[in-house]
Amino acid sequence: GDTGWLNAPATVGIVGTRKPTEYGLRAAEDIGRGLAKAGAVIVSGLAEGLDSAGHRAALCERSPTIGILGIPIDRTYPTINRPLRKEIESNGCIISEYPPKSEPLGKYGFLQRNRLIAALSAAVVVVEAKEKWCMLSWYDGLDDLSPMPPAITDIVCKYEMQSKEVCMMCGRSK
């Protein structure tokens, strides 16, 4: 893909559970499409569920999207996302910290992927996620954590994360 998108002026991460509710999928699609229409480049982890929904929303709007891998660059996980990866490579880019033919780092690689999503994004929208996942992989070190609103029509909770704004958009998944 075109790594020039890594320097886009408006990048927004869309992330969340691999097993979303129908509401979560709809929210990720609506948010992603709205952001893409407004000119944002969507950044996500190419995982099943809400990450994929964010990428697909951007692609539906013919907007670029950036896929961040937590595994070597020559692999795709989950394998079901190979066609999505090809679409992203045609209209955006795929990046990884891990060189071809290297061994995956398991859970650690995906935590590092989350760090890259946050670093490359002006804002991160966590659509739906387990509280433990949020605490471990995104919000470590925050002084204040407020409850997540149950629906995107409610007030959005905002948190600062190393000068990045993280928005919690809806309820926790089980």
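An account of the accompanying structure is given in this report. (Residues numbered from 1 in each chain as written. Predicted model: local features only at pLDDT ≥ 70, side-chain atom pairs only at ≥ 80, totals over all residues. Heavy atoms only, no water.)

Some words on the overall build of the protein
Tallying secondary structure elements over the protein gives five helices and seven strands in all. Considering the protein as a whole, with its 174 residues, one finds that 49% of them fall into the buried category. Counting contacts in the protein only where the partners sit at least 6 residues apart, residues at least 24 apart contribute 68% of the total. Put simply, the protein shows about 9,100 Å² of open surface, and 52% of that area lies on carbon and sulfur atoms. (Helix = DSSP H or I, 4+ residues; strand = E, 2+ residues; numbered from the N terminus. Buried < 20%, exposed > 50% of the residue type's maximum accessible area, 1.4 Å probe, protein only. Contact = heavy atoms within 4.5 Å. Areas by Shrake-Rupley, 256 points an atom, 1.4 Å probe, with all protein chains shown as cover.)

Observations regarding the pairing of strand 4 (residues 92-96)
By the criterion of burial, strand 4 is predominantly enclosed, with four of the five residues buried. Where strand 3 (residues 65-69) and strand 4 come together, five bridges link them in parallel fashion. Within strand 4, the position partnered with Leu69 by the bridge is Ser96. This β-α-β element, strand 3 to helix 3 (residues 82-90) to strand 4, shows right-handed connectivity. (Pairing = 2+ DSSP bridges. Right-handed = clockwise from strand over helix to strand, strands pointing away.)

Overview of the pairing of strand 1 (residues 11-15)
Counting buried positions along strand 1 gives five out of five residues, so the element sits mostly inside the fold. Alternating residues of strand 1 divide into Thr11, Gly13 and Val15 and Val12 and Ile14, and every residue in both groups is buried. For strand 1 and strand 2 (residues 41-44), the ladder comprises three bridges, and the chain directions are parallel. Along strand 2, the bridge assignment pairs Thr11 with Val41. Once you follow strand 1 into helix 1 (residues 22-37) and on to strand 2, the crossover reads as right-handed. Note: strand 1 against strand 5 (residues 123-126), four bridges, orientation parallel. Opposite Gly13, over in strand 5, you have Val124 as the bridge partner.

Notes on helix 4 (residues 107-120)
Along its 14 residues, helix 4 runs 20 Å from first to last C-alpha, staying within 8% of the 20 Å computed at 1.5 Å per residue. Considered for burial, the residues of helix 4 that qualify are Gly109, Gln112, Arg113, Asn114, Leu116, Ile117 and Ala118. (Expected span 1.5 Å × (residues − 1).)

Brief notes about helix 1
Each full turn of the α-helix corresponds to 3.6 residues, which orients residues three or four apart in the same direction. With 16 residues, helix 1 should cover 22 Å at 1.5 Å per step; its first-to-last C-alpha distance of 22 Å lies within 8% of that length. For helix 1, the complete set of buried residues consists of Gly24, Ala27, Ala28, Ile31, Gly32 and Ala36. The arc that holds every buried residue of helix 1, seen down its axis, measures 150°, which confines them to one face. Exposed residues lying more than 90 degrees from the buried face of helix 1 are Glu22 and Lys37. Directly beyond the C-terminal end of helix 1, a positive phi value near 105° is found at Gly39. (Arc of directions from axis to C-beta.)

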